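Reading the structure
Chain by chain, the residues run as shown.
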Amino acid sequence: MINDYEEDYLEEDDDEYIEYAVRPNKTQIKREIAALFELGEELAELSNAQLNQLDLTDELKAAVVLAAGMPPKGARKRQLKFISSLLRNVDSEAILEKLARMKTQSAHAVREHHKVEKWRDRLIAEGNDALTELLDDYAQADHQHLRHLVRSAQKEAELAKPPKSSRQLYHYLKELFETDSATDNDDQPID
């Protein structure tokens, strides 16, 4: 469809129509290539199990695995450039989305780990005061078993023995917090 200005222009030039090609923005292209290169570097840092979760093509996965084993020199950089060229032919947005989800899950796991460690250390250091607070928050916990683990962990710490009970206390707390968060998620209304 031709707008009014082009119609006037066409009438004056005896129906001659000049079409201009829209050239891609070089800076934008360079940014996109750099982003794909960074994505390739990020993929090369992942484990094989994490790469399997991303549903990469066989050629792309093989290139990423090869780059992961290379020292950070010229050959690796060339391999990463090859990976970025392969990424242009796939849906890199889907890969970025899955990577973001994986990072979120990792961050959540780290937070949970720190929470469990904090409670374990508090229970060993503070004893019954911290135990009472924990049991107030987590009534479903096995009181006797938890008291036994805390006392054993305290004795191990006093006698400088290997932390067997401390590890058992950690695992018990981890299970306790996981089951509590699972029941909280079950209680959530579904929209």
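So, here is what we can say about the structure in this document. None of the values given here were measured: they were computed from a predicted structure. (Residues numbered from 1 in each chain as written. Predicted model: local features only at pLDDT ≥ 70, side-chain atom pairs only at ≥ 80, totals over all residues. Heavy atoms only, no water.)

Focus: the pattern of salt bridges
Tallying each qualifying case throughout the model produces seven salt bridges. A salt bridge links Arg-76 to Glu-45, with the nearest nitrogen and oxygen atoms 3.2 Å apart. Of the two residues, Arg-76 sits in helix α5 (residues 74-87) while Glu-45 sits in the loop between α2 (26-44) and α3 (48-53), which places them 31 residues apart along the sequence. Given the relative accessible area of 11%, Arg-76 is considered buried. Overall, the relative accessible area of 61% leaves Glu-45 in the exposed class. (Salt bridge = Lys/Arg side-chain N within 4 Å of Asp/Glu carboxyl O. Helix = DSSP H or I, 4+ residues; strand = E, 2+ residues; numbered from the N terminus. Buried < 20%, exposed > 50% of the residue type's maximum accessible area, 1.4 Å probe, protein only.)

Looking at the nonpolar core
Counting residues in each nonpolar core, the largest one holds 20 residues, and the members touching the most others are Leu-43, Leu-54, Leu-60, Ile-83, Leu-87 and Ile-95. Only α2, α4 (58-68), α5 and α6 (92-126) provide two or more residues apiece to this core. With five residues, α2 is the single largest residue contributor to this core. If we skip the residues at most four places from it in the chain, Leu-54 touches Leu-43, Leu-46, Ile-95, Lys-98, Leu-99 and Met-102. The next biggest cluster of nonpolar side chains, apart from the first, holds 18 residues, and it includes Val-116, Leu-123, Leu-135 and Leu-169. (Core = buried A, V, L, I, M, F, W, Y, C linked by side-chain atoms within 4.5 Å. Contact = heavy atoms within 4.5 Å.)

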